[in-house]
Structures are given as structure tokens and as C-alpha cells.
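Each chain, written out:
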Amino acid sequence: MPKMTMVQALNLALRQEMARDESVIVLGEDVGVDGGVFRVTDGLIETFGERRVVDTPLAESAIAGMSIGMAVYGLKPVCEMQFDGFSYYTMHQIEAHASRLRLRSQGRHHVPMVLRAPYGGGVRALEHHSESREAFWAHIPGLKMVIPSSPRNARALLVSAIRDPDPVIFYEPKAVYRAFREEVPEEEETLPIGRSQRVREGRDLTLIAYGAMMRPTLEAAEELKRQHGVEAEVIDLLTISPLDDSLLVESARKTGRVAVVHEAPRSFGPGAEVVARLVEKAFYHLEAPVARVTGYDVVIPLFSREKYYLPGVARIVDAARSLLSAQ
Amino acid sequence: MPKMTMVQALNLALRQEMARDESVIVLGEDVGVDGGVFRVTDGLIETFGERRVVDTPLAESAIAGMSIGMAVYGLKPVCEMQFDGFSYYTMHQIEAHASRLRLRSQGRHHVPMVLRAPYGGGVRALEHHSESREAFWAHIPGLKMVIPSSPRNARALLVSAIRDPDPVIFYEPKAVYRAFREEVPEEEETLPIGRSQRVREGRDLTLIAYGAMMRPTLEAAEELKRQHGVEAEVIDLLTISPLDDSLLVESARKTGRVAVVHEAPRSFGPGAEVVARLVEKAFYHLEAPVARVTGYDVVIPLFSREKYYLPGVARIVDAARSLLSAQ
Amino acid sequence: MPKTRIALPDSIDHLSILDEHGKIDTDLEPTIENSLLLRLHRTMLLARRFDERLLSLQRQGRIGTFPPIAGQEAAHLGAVAPLRASDWVVPAFREMAADLWRGRSLESIVIYNNGFNEGGRIPAERNDMPISVPVGSQILHAVGIAWGMKYRATDDVAMTFFGDGATSQGDFHEGLNFAGVFQLPVVLVCQNNQWAISIPRSKQTRSQTLAQKAFAYGIPGIQVDGNDILAVYVAAREAVERARSGGGATLIECVTYRMAVHTTADDPKRYRPDAEVEEWRRKDPLTRFQGYLAAKGLLTVDNVKAEEEAIAAEIQTAVARAEEEMKALGDPLLMFEHAYAEMPEYLSEQRADFIRFMHATQKEGDHA
Amino acid sequence: MPKTRIALPDSIDHLSILDEHGKIDTDLEPTIENSLLLRLHRTMLLARRFDERLLSLQRQGRIGTFPPIAGQEAAHLGAVAPLRASDWVVPAFREMAADLWRGRSLESIVIYNNGFNEGGRIPAERNDMPISVPVGSQILHAVGIAWGMKYRATDDVAMTFFGDGATSQGDFHEGLNFAGVFQLPVVLVCQNNQWAISIPRSKQTRSQTLAQKAFAYGIPGIQVDGNDILAVYVAAREAVERARSGGGATLIECVTYRMAVHTTADDPKRYRPDAEVEEWRRKDPLTRFQGYLAAKGLLTVDNVKAEEEAIAAEIQTAVARAEEEMKALGDPLLMFEHAYAEMPEYLSEQRADFIRFMHATQKEGDHA
Ligand SMILES: Cc1ncc(C[n+]2csc(CCOP(=O)(O)OP(=O)(O)O)c2C)c(N)n1
Ligand SMILES: Cc1ncc(C[n+]2csc(CCOP(=O)(O)OP(=O)(O)O)c2C)c(N)n1
Ligand SMILES: [Mg+2]
Ligand SMILES: [Mg+2]
């Protein structure tokens, strides 16, 4: 199996899905000739032409709204937001239409579109280029909100998202784009949307994370083992919404101690929902308050101070140790 | 003291603040001659003229964006969204600018604007006229998110919001607009933003709600007492964000049993944050899982089925009784 | 040539064929088959009467808030008449006459206005989008559908409707710009009915016409007398043909008038003089069209009377049938349908809990 | 008159005074005080050299990503030159020459580009808004500020900058429409530098000029040679005077060129031919302006040499000072500042926990 970066793996997913199904269309700002500012769509225009790889004018609401129309018409648009921080221009189109046309038309229309956006910090970028606002989308009924964490699962989830009959917001952790390589099979591979994964077994505590936070979380798990002899179970959400809580609940019941990690601001963030689900379904097994290791409730600072804002290995280990010493 | 509806009380707040401070400007769609579709701005144009009560073209992003400019220039714009369901068009302006200009300019500029929007169900309205998406705004650092529940606190909070140096999203429960009257003093009255209120004392369990959900919650508390001899403590959040958890924590420590009520969809909704805070700060006092009595994770149905979607007295009582029978 | 006037090829025409006094410009009069003229008339009359009936149902509390269409029937029907079934209409919320022409049932309208999502159902055999309430937002969907039509190399056309107020929205601008850049087969029909709730056209924008906004996107724009069904038809036909033949998008501004309330929750006395309404009453598109048809010998007093009776019966039956159908819609569990292709687990749990709760409270005899 | 051409009073002029061969149209040549001309030249030269320096700092890893301005200096400086201090400039992100003219320090630019929020600080004595990254969004702020100016009955003016790409955004449309409807003292300066990252002007919109988009809002529009500082100045002065005297908004399209990369993260070789860049190099605004000043006897080779040296020293000092200043910005707790006027309780708790954590891990010797 070839080793790929996440950018290459996403490109593979797009390339194969476009080859497989000519209703798949890629559109957005600079996705064509330029190959996308992160090069996720690199070379697609050479293979599939301007007909299927569409450089659009600079207008996010239109990119989303046109995608909705395309999807209703029977195409499978995969549109790109250049950065997470500009995707809120599409909020109205997504909330009012993408997520509801199935309901509004009583099943006659549906919106099999994918809206891709690089999210999160870690690449020394400008303001609005490092946000993590997946909670916005996760709160909208009728939408799906997916965040991969590695090249291989990114490829498989993007394929699933494209084939999904419902609209999927697909956030790509830009810090992971080129951070490491992983074997990704040439052959088609999908992953079910709406399922989280246990990526490390452990009995002492549970760490729940997703996206770019998976790496520091896994490192923290290693360090906990190495330095403290603690076996942390690690779960990768993969789908934020609809949130599948079965694995979380199972793990929390086993370990009784849970921390959830994300880079989004803490208050009203995705971690709160994880806590609420665990309280609903595993309350009597919890031996300590579920901890949230997250971004702070401020705008993510410009890049020189970003590292203090983003949860890192040390903060996760610190939280885990508090959890373990509880009671 | 005259008895007023919430609409009248809000009108009083605007009228008095405009008289007191000529930098207060009211703007929005149909807020002038028409007095607002709910009549909250009724008569203001007669008193203050077109200069200060501004009918705008139909463009929500512009209403918000222009308000940002006005506020930076030193005015205090109070802009109206005709309905909650159209306020997401302003998400970009609010997220990218209103909430950040203080930070971006390092204190040189700030954005003392208020964005008012009627929210929630209960008035037999059309699609997009009954949403409850306060969680969007609550998740944005730098913003404040306020929701009154009665004529008197609506008036006092709106006055505080107008005087606040930071941007405030002010959701008005349209189901309460004309539902009942309350004494509202002619004299100036404010309420601190960022403080919740205990509106009923009790020792058996805690009900936390806000906005339109306060009435069924209080009725549920009455019914719990009448039918089951249970003393429910009731807390009105008033400010959703920045969330003041001190009272919630204090009450949860006392009763050990808590339900949070809102009409927003459950997942990733405001209730999750309440649960998370209680877990962080009152975990060892909780005798049962914190319950969420909320809208379901679907788009709020058109009005004929709305009553099944919205939490009512019976659902709150039902949840309270489960809480009490836990363990 | 340091200060040069730039030659702009575009210009804006105003088109009017059948004037408010019934005078016809025979040079411009389109050749339309008699059967089509009569079908248009029937739909116009049906729409007018049904609109009146909805208003009375609303006053009786038998439906909820709705937006009447009176005065705009010609601007609806003239526009959709050149379309074929495989084309797509992407409406706003005030194009009931166009909806009826496209095959929407009276029943579905009554059901929708009673607050049942089922009233929005689009039958499998029909294209077209359901009603779109957020002003201007649907324009982008029409652009996307037109993109699909071009991609699939059909010669179908998407036609979208929106009001004068909608031209202020960002989505209007973005949609027209995309339509221009991609040369899409889309017809953009602006119902300039002079008001956006209480905001008059003059306060909506400072541009002299709405049609000239087409300049900004390099597409043709035309202004028509929207109460003249012949003028609307001619402009729409030209635009539809342009779109079908690869000529791209057209903006049509129909100058018309909203005769009634904005919605039944609105009181126009607060913001506009009766005299203005009276003035427009003289330009009524229905009487104007009827005069034309009578002059052509296609309509007699007796014809009209017979049609009125048939229409009254049709409406009567439809309302009764809708009220009957709604009895079958009482199941609250329907609110969990159509959220996703497959119901997510947590939503199933919520649904199950709702069922438990309903049983429990029904047993106790209250579920307020 | 059933099919009538509507008389539209608007038209679009193209203004050019000093052409790329240095030929001057003496009829149109503005009278500008020599001292102003020389100050403009100095700022232009400073901006050019500082831009070059930033590029080399970026290549050395001493600053982060930034958007170079080379080629657009005339379109920046000609626009802001007619402003006074009490006016407000509302920039996008590529108007460094205008920023310098308005008093922004070189230091703050270095600090900002090093990823410190402190670099965005606006000094108390200066109006103007900080950099705005989301394309087109800032236009609305200028409109709101202009609203305030009109409300306060000042004769100040707001001037906002944006690119060709920005004209596609909904916020551009909404902003210009509001500016027209409320007749606001705002000057809308479009930097049409032919590219929005990889998207050429021709794919951004189908309209022949960007200036003609003003028609849609009933405001005047003009296109100018953006590499001709005299033409830009004349057009801006006219627009500023119109705005000051209650005549409302103007759209100015400066036709210019982005000579360098979009940002230092961009590779224009992927999407545009070198030949195009070469062609524009011949239109360089700096050499053109220098030729004009030399012909006027205001600039000699020696003058320029002296200025170049002074500027090199100024830049050198500023970079050194900025790098010194940044040493004092190491405190991570600064990230909790300026969120609100008063820090909310829960944020204070987070801050306290951060302090606890920093102490704990510093003690253990790692805080990766
Ligand atoms: C985005 C949005 N903002 C506000 C509203 C509330 N609203 C409904 S109709 C309307 C006026 C629309 O005017 P126009 O576009 O002229 O259409 P008309 O009602 O005249 O048919 C308004 C403000 C809405 N539906 N959508
Ligand atoms: C709303 C938004 N979308 C996307 C981007 C990413 N982006 C930054 S600059 C740019 C192109 C801007 O083109 P133009 O307006 O012509 O300005 P220029 O860069 O040429 O100065 C894009 C797409 C952004 N900053 N904001
Ligand atoms: Mg209208
Ligand atoms: Mg550009």
C-alpha cells in the first residue's frame, strides 16, 4: 500500500469517486487550475476537465447554495470552503435549505452534497484560518458533521460522505494535512458515517477526541503509559453529528474516568454534548467528573500564541492525571 | 406600576434609552413606519424620526455589518432581525467582526451593538419563524447571548444590553410577547448581564430554563408541588453566554437532582453546556443524571405539530418524576 | 483618450403590450394558441378565487398565516406559460398562480397552510422546488439546477421567482453573478410588486429600475408591465428560448402590485395609502386579460359565469377533501420523519422516549 | 410606447492621465502641491522597499505568511491622498501603502506578520479600522461608519478598499445598496488587480467593467488606470468631495496588477503566464510616477538615491525595533486579553487553570 499524506489521501478519494460516478462535481474557490490552496484538488482539472472541476467566483453562500441546487438536481457536488473561518457565510443556506429540503419536499428532494473545509490551528496562518466551529453544524438537525483524523480514515470517510444521501459537512484538520503519512489502499475503502472508533484499548481511563487532536491525545496515552503506567482507552469520534454514543458509553462504563479533547472553545462546544451523553447513559459508572480539555473561551490567538491555546500532550496528560487522582 | 406585555416593555426600554442617549439607533426591516412586524418598535419613528429609526433594505448581513460600523464609530445600534430563522445570514459578520474587533484592534475599537431577534415556537408561524438556535451564538467568544423570559426582565435586560460595551445577541421569546402582562416600573431598571436568577426556591430538585420555557417550567414546578408534594427550585438563566454557573452549581449541590429545559434541539444544545458545568463543579453532589427536556433533534415541525415538539408542562413533570425516582 | 466614456452594449427595455385600458399593441401581440389562452385564463380565475377563499378560511381560523397573491396573477402565469414539464420552477412563497399552473393541488396548499409539513410534498412526477421562505435564498438553487441542466446537456430551463425586496439580498447578487459567469439556462423573474412588507420599492434600492441590475452581471435585463400577461409571456418566452439555446440567463422585472396584505398577519394601512391601492385596482391583470379575450371572441359573459361556477365547486371540493385528509395527519410521530434518509440512533431513542411519554401521559389523561 | 428603451442617466468613464510611457494629459493633470507629490513619492518608495523586505523576512522565516502589494502602490496612495486625518479608512488586507500613509508603523506590520495580535493595535489618535481578512466583509463596516458620519453631521468620509474578487461577495452588493439608499459619504475603492488568487478577473464576473456595477445601486462609478497615481488621485478627490458635500457614495475601479504572489503561501506559476507579469512590469506605478516627478524637476537621481538610503535605514531600524518589542510579548496570558470589556468569570477560571498548568508543567520541565 502506498504511504500518503492526508492531502494525497483526500485527493485519491475525490479522484476515484469522480472516476466512478460522473455525477460527482468538485467546485469552489481556486479548486481548479490552482488545485486548491492546500492542493487537495490538485490535478483533478487535468483529469476531469473544467466541466467537473469548477473554479467559482468568490462567494461562499453561492457555492453552498448552488451546490444545493446541483444536489437536488441529482448531482453530487463536493464543494470546498477555502478556510473554516469563511464557511459561516454558508450558514443560512445550510441551515435553511441543505438540512431541510428532504423534509420540506417530504422526501421528493434530498441534498447529497459535501461541504469540505479545512479547520483548526497549527499551520501558522492568518486570522480566520484556524477556527474550529464544528459545534455550529453539529447542532443542525438534518446535517451530518464528519472530521477525519488520519490519511486513511480521511479517504474512507470522504468516499462515504460523497455517497451519503444527506448533506455532510466535512472538516479537514489542516494541521494533519501533511503532518504524517499512512498506508492507504488503492482499492476502494469506505467507513460508516455515524460511527466512532476505539483506536487504543485501555482500562484506566477514556480519552475521547477527533481530528487534529487525535495525535496529541494518542501521544498523551503513550506518555501516560510510559511515565505513569496508566492504560488509557482512546476513542476517535470521526462523526461529530449525528453523534454515536454507544462506544463512548461502553468505554465510560468500563473505565469510569473520561476526558474529552477538542480545540474548539470550551463553552457550548462539542465536548459538552459528549459529557451530557455520558451523564445520560453512564452516570452511575462515572468515578470522576468528565473533564474537558479544550480551546479556551477566547478567539484563537494569532499563530505566535496558538500553541498555548491548543490542547497539547501536556494538558491532556495533566487532565488525565487529575482524573485518575479523583476521589 | 403599569402592567405591560413583553412587547410593550421592550418598546419602553427602547424608547427610554433613545431618549436618554442620542447615540442609540434602531434599525432593521420594517422597524420604522410599520413599527416592526411584532410592533416592538411601534411609534418610535413618530417620536424619534427617520434619523434614528431606520427602515433598511432587506439584507440581514448588511444590517449586522452596518451596525458593526456604526458601533465602532461610537453609536449604539440596536438592530432587529425579523425572525430568528433569518439571523444566520449575519453569522459571518458577527463571528468574524462583531465579536473580535476589540481583540483585533487591541482595545481601540469595540462593538456596543445589540442584535435583537424574536426566537422560538408557539405563534403558529411559517417555516423559519420558530427556530431556537441560541447555541450558535453562545459558542462564539467575545459575544454575549441574552434571553429574557418576562416583560419586566426583558425591559431591564434590554436596557443593560444597550449599555453594554460588548456586542449582545438578544433573543426575544415570541411566544411570550403577548402571552401575559407584568408590572414594569416607569423608572429606569437594569439587570446585570451574566447573572442567572433563582425564581423559585425548593429543595427537592432543580429546574433550569430560560426564555419561553420559563412558563411551562414554573407551571411544572407548581404541579409537582400540587400533585406530588415536591419542592422544585427554578432558575432562569437570562444570560446564556457568558454562562454564569454559580447559582446552578449552588442549587445542584443542594438538590442533587437537576433538569434543564430548552426548546432548541437537544444535541449540541445549550443544555449540554449546563450539564457539563454541573459535572465539572457539582459532580459529587449529583444524585441522578442531569436530565435534558428539550426539542428533538429534528427541524421544528410546522405549527400543527409544534406542540409535540416543544417541551410542555407534562414533559417537564415527567422528567422531574424520573429524576426523583432515580436510585 | 485619457477620459473616455466606456461603450456599454447593454440597455434596458420596458415592454407593455396590452395596456390598462385594454388597448393592444398589435405589432407586439404574440401569437398564442386559443387553447393556451383559455387555460391561462382559467388558472388565473382559479388562482384569484382560491386566494379569496384562503383569505376567508384564514379569517375563520381554518388555516394559518399565508401570503395572498391578488394582483400578481399575470406576472406569475405569463412567466411560467412558456415552460415545459421537464423545466424546473424554483418559487419564493407568493407564486400560487404559478404553482397551480405547474400542477400543485389546491389540497396541498390548504394542508400546508394548516401547518402540516405534508402540504409541501412534491409529487414524484413533478420537478420544481417547494416554497422557499427566506427571501432571495432560492435564487442560488435555481442557479445550481441550471448548472445541472447544462452539465447534463439537456435543453431544460430553470425559472426562479423573487420579489423586489429580494434584490437587496447578497444571495441575489451571488446568484446572478454565477448565472452570468457560467452562462446558465436560468430565467430570473423579479416580482416587483412595489412593496417588501412596509418598505416601498424606492427605499429598497436607489437604482432606477430593478432590471438594470442585470448590467452588473453581463446578462440581459428587461422590465415588463407585470399586469399584462401578454407582455410577461413575450418577455419570458424570449428569455426561456435564450436559455434553452445556450444564450444564458435573463433578468425579468415584472412591474406589478401586491393588492392585498403582505401576509394575513400584516396591516398595510400602517404604511400605504388606500389611494395607491385603488390606482392599481384599475390595472387589474384579470379584467385586462378578460377584456382581451372577450375582444378576441374567446370569452363571453356566459363562459365566465360557467367557469366561475366550476371553479367555486372545484375549490369547495378541494377544501373539503383537504380537511378530510388532514384528519389522517394527527399522528405526532410524523414529526420524526424525513430528517435523514436513515434515522440516526439517538433520534430513534428520542422517538421511543416520546412514545413512552405519550402513553404515560395519555394514561394519566393529560399531555398539555 | 409599448417597447421603450429606458433612458438611464448613468455612464462609465475610464480615466487615465499619466500613461505607461510617461505621457501626460495636460488638460486633466491635477494641480497638486509639490510637497504632497514628494510625500506621496516617499511613501510609495517606502512601501515598495518594505514589501521587498517583508518578502525576504518571510523567506528567512522571520515573519509568517503575508500578502505583498507590489504594483498596487499608486492605487493605494492616490486613493488615500485626498483624505484627512478625521476620515476613516477601512482596509482589506493588501493596502499596506495606504496603511503607511495613514500612519501605521512599520513595526506594527512586522509584529502582526509574526502572529502577534498586538500588531493590529490602532493607536488612540488614529481613526481607521484594522486589517480585515474575510473578503468583502469590511465594506459594510465602512457603510456603517459613513452612516455615523452623516448622523453626526460631520463632513468626514469613509473610504474602503477591496479587490476584484470581493465584488462577487454578497456583502459587496448589500454594502453598495445601503450606501446608495442612505446616500452615505463613503468611497468604495476596488483594487482590480486582475486576480483573486488563481481566478482571473474574466472568470470573476461577466460584466464588462467592475465600475458599471455602480449602476445597480444608483451611484456613480468610474474606472481609472490604477497604476497612474494622478488618475487615481483625481478620481478619489472627486469622490471624496462628492461624499463630503452630501453627494453620496462612489465606486472607483482601479485597474492595476498584483505583480507578486497572492500571499507567500501561493505559487502563481500554477495559474498565470510570466508574460502577463512582464507586460505589467512595463506599467510600473513607481517608475511612472518617478518619471513624472523628474520631468517636473522635482526629483533627481541624487534625490532618489538619498531617499533610498534613508528608507533602507528606516526599515532596518524598524525591523530591529519590532524584533526587540516582540521579546516583551512572550507572555501567553496575553491571549486572554481583549475578549470582553470585563473578563467573564468562567474565562477567569480558565485563565487561572492555565496558570496552574503552566506552573505545574514548568516545574516538571515540559509543556509541549
Ligand atoms: C431572509 C429573510 N429576511 C426576512 C424575511 C421576512 N420577510 C418575509 S417576506 C418579506 C418581504 C419580501 O419582500 P419582496 O421580496 O418584495 O417579496 P413580496 O413579499 O413583496 O412578495 C420579509 C422581510 C424573510 N422571509 N427572509
Ligand atoms: C470570505 C473569504 N473567502 C475566501 C477567502 C480566502 N482568500 C483570501 S484573499 C482571496 C482572493 C481575494 O481576491 P481579491 O478580492 O481580488 O483581492 P486580492 O487578493 O487580489 O487583493 C481569497 C479567496 C477570504 N479571505 N475571505
Ligand atoms: Mg415585493
Ligand atoms: Mg484581486
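This one's a predicted model, so the numbers in the text were calculated from it and none came from an experiment.

Before we move on, can you summarise the interface of chain A and chain C with the specific residues and values?
At the interface, 51 residues of chain A touch 43 residues of chain C. Regarding the contact of chain A and chain C, the summed buried area is about 3,800 Å², with carbon and sulfur atoms giving 62% of it. Run the count over chain A and chain C and you get 3 salt bridges. The salt bridge involving E22(A) is made with R152(C); its shortest N-O contact spans 2.4 Å. The interface formed by chain A and chain C contains 23 residue pairs in polar contact (both at pLDDT 80 or more). Secondary-structure elements contributing two or more residues to the side of chain A that touches chain C are α2 (44-52), β3 (53-55), α3 (60-73), α4 (91-98), α5 (101-104) and α10 (270-282) of chain A. For the side of chain A that touches chain C, the element with the most residues is α3(A), which contributes 11 residues.

Could you give me a rundown of the interface of chain A and chain B, with the residues and numbers involved?
By a widespread convention, an interface's size corresponds to the accessible area lost as its parts come together. Contacts between the two partners involve 53 residues from chain A and, on the opposite side, 53 residues from chain B. Its largest share of buried area at the contact with chain B, chain A owes to H92(A), H139(A) and F268(A), together 19% of the area lost on that side. On inspection of chain A and its partner chain B, the count reaches 12 salt bridges. Across the salt bridge formed by R104(B) and E127(A), the nearest N and O atoms sit 2.7 Å from each other. Our count for the chain A to chain B interface comes out at 22 residue pairs in polar contact (both at pLDDT 80 or more). Among the secondary structure elements, those contributing two or more residues to the side of chain A that touches chain B are α4, α5, α6 (134-138), β12 (239-241), β13 (258-265) and α10 of chain A. It is α10(A) that provides the largest number of residues to the side of chain A that touches chain B, a total of 8 residues. Among the residues making up the side of chain A that touches chain B, the classes are represented as 30 nonpolar, 10 polar and 13 charged.

Quick one: what's the story with α4(A), residue by residue and with numbers?
For α4(A), the buried fraction is high: 8 of the 8 residues fall into the buried class. Regarding α4(A), the residues found buried are M91(A), H92(A), Q93(A), I94(A), E95(A), A96(A), H97(A) and A98(A).

Describe the coordination of the magnesium ion (ligand 3), naming the residues involved and giving the relevant values.
All names here are of chain C. Distances from the magnesium ion (ligand 3) to its protein donors, D164 (OD), N193 (OD1) and W195 (O), fall at 2.0 to 2.1 Å. Ordering the donors of the magnesium ion (ligand 3) by residue number gives the pattern D-x28-N-x1-W. Taken together, the residues D164 in the loop between β4 (158-163) and α6 (170-181) and N193 in the loop between β5 (186-192) and β6 (195-196) connect sequence positions 29 residues apart.

Go over the coordination of the magnesium ion (ligand 4), please, and point to the residues and values.
Put simply, a metal with four donors set out as a tetrahedron has ideal angles of 109.5 degrees, and one with six donors set out as an octahedron has ideal angles of 90 or 180 degrees. All names here are of chain D. In this structure, D164 (OD), N193 (OD1) and W195 (O) serve as the protein donors to the magnesium ion (ligand 4), at separations of 2.0 to 2.1 Å. Within one chain, the residues donating to the magnesium ion (ligand 4) are spaced in sequence as D-x28-N-x1-W. By the burial criterion, N193 is buried, and W195 matches it.

Residue-level account of the pattern of salt bridges, with values.
All chains considered together, the criterion is met by 123 salt bridges over all chains. Salt-bridge contacts for K203(D) lead to E50(A); the nearest nitrogen and oxygen are separated by 3.7 Å. In this pair, K203(D) sits in helix α7 (residues 201-204) while E50(A) sits in helix α2, so the two residues belong to two different chains. Given a relative accessible area of 29%, K203(D) falls into the partly exposed group. A salt bridge links K174(A) to D84(A); the nearest nitrogen and oxygen atoms lie 3.5 Å apart. Remark: D84(A) occurs in the loop between β4 (76-80) and α4 and K174(A) occurs in the loop between β7 (168-173) and β8 (182-183); sequence separation between them is 90 residues.

Quick rundown of the relation of the copies chain A and chain B? Include the residues and the values.
Both copies of the chain are related by one operation, a rotation about an axis with a shift along it. When chain A is brought onto chain B, the operation consists of a screw motion whose angular component is 180° and whose axial shift is 0.0 Å, with 0.0 Å RMSD remaining. Both copies of the chain, as the preceding transformation shows, are related through a two-fold rotation axis. Both copies share a contact surface, since 100% of the interface residues of chain A are interface residues in chain B too.

Help me get a handle on the site of ligand 2, residues and values and all.
Taken together, 21 residues lie around ligand 2, and E60(A), R94(D), D164(D), G165(D) and W195(D) are the ones closest in. In this structure, G165(D) approaches ligand 2 through a main-chain N or O atom, which is 2.8 Å from an oxygen atom. Side-chain polar atom of H262(D) to an oxygen atom of ligand 2: 3.4 Å apart, as the coordinates give it. A total of 580 Å² of accessible area belongs to ligand 2 in isolation, and the protein chains cover 96% of it. Across the shell around ligand 2, the residue classes tally to 11 nonpolar, 6 polar and 4 charged.

Tell me about the sheet that holds strand β3 (residues 53-55) of chain B, and please be specific about residues and values.
Residue and element names in this part refer to chain B. An order of β3-β2-β4-β5-β7-β6-β12 is seen for the 7 strands of this open sheet, with the pairing classed as mixed. Unpaired on one side and paired on the other, β3 and β12 (239-241) mark the two borders of the sheet. Averaged over all pairs of adjacent strands, the angle between their axes in this sheet comes to 20°, without regard to strand direction. Note that strand β2 (residues 24-28) and β3 share 3 bridges and pair parallel. Note that in β3 the partner of L27 across the bridge is V54.

Lay out the domain arrangement of chain A with the relevant residues and their values.
Residues and elements named next belong to chain A. Along its sequence, chain A is organised into domain 1 (3-183) and domain 2 (197-325). Using C-alpha coordinates to define each centre, domain 1 is positioned 26 Å away from domain 2. Opposite the 29 residues of domain 1 that make contact, domain 2 presents 22 residues. Taking both partners together, domain 1 and domain 2 bury about 1,900 Å²; carbon and sulfur atoms supply 59% of that area. The three residues of domain 1 that bury the most area against domain 2 are R124, I147 and S149, which together make up 20% of that side's buried surface. Viewed at the interface, domain 2 and domain 1 are joined by 0 salt bridges. If you list the elements that add at least two residues to the side of domain 1 that touches domain 2, you get α6, β6 (144-146) and α7 (151-163).

Before we move on, could you go through the side chain of S23(B) and cite the residues and values that matter?
Looking at where S23(B) falls in the secondary structure, it is placed in the loop between α1 (6-20) and β2. For S23(B), the side chain forms a polar contact with the side chain of D21(B), separated by 2.6 Å. Once residues within four sequence positions are removed from consideration, S23(B) is found in contact with G74(B), L75(B), K76(B) and R152(D).

Help me get a handle on the sheet that holds β4(A), residues and values and all.
Residues and elements named next belong to chain A. Reading across the sheet, the 7 strands line up as β3-β2-β4-β5-β7-β6-β12 and stay open at both edges, with mixed pairing between neighbours. Looking at strand neighbours, the two that pair on one side only are β3 and β12, the edges of this open sheet. On average, each strand axis in the sheet is inclined to that of its neighbour by 20°, with strand direction left out of account. Here β6 runs beside β12; their pairing, made up of 2 bridges, is antiparallel.

Analysis parameters
- Residues numbered from 1 in each chain as written.
- Chains lettered and ligands numbered in written order.
- Predicted model: local features only at pLDDT ≥ 70, side-chain atom pairs only at ≥ 80, totals over all residues.
- Heavy atoms only, no water.
- Contact = heavy atoms within 4.5 Å.
- Buried area = accessible area lost by both parts, 1.4 Å probe.
- Salt bridge = Lys/Arg side-chain N within 4 Å of Asp/Glu carboxyl O.
- Polar contact = N/O pair within 3.5 Å; in protein donor to acceptor, adjacent residues only side chain to side chain.
- Helix = DSSP H or I, 4+ residues; strand = E, 2+ residues; numbered from the N terminus.
- Nonpolar A, V, L, I, M, F, W, Y, C, P; charged D, E, K, R; others polar.
- Buried < 20%, exposed > 50% of the residue type's maximum accessible area, 1.4 Å probe, protein only.
- Donors = N, O, S within 2.8 Å, 3.2 Å for Na, K, Ca; no water.
- Least-squares fit on C-alpha atoms with pLDDT ≥ 70 in both.
- Near = heavy atom within 4 Å.
- Areas by Shrake-Rupley, 256 points an atom, 1.4 Å probe, with all protein chains shown as cover.
- Pairing = 2+ DSSP bridges.
- Axes fitted to C-alpha atoms, helices over the stretch in contact; angles between N-to-C directions.
- Domains from an automatic or database assignment.

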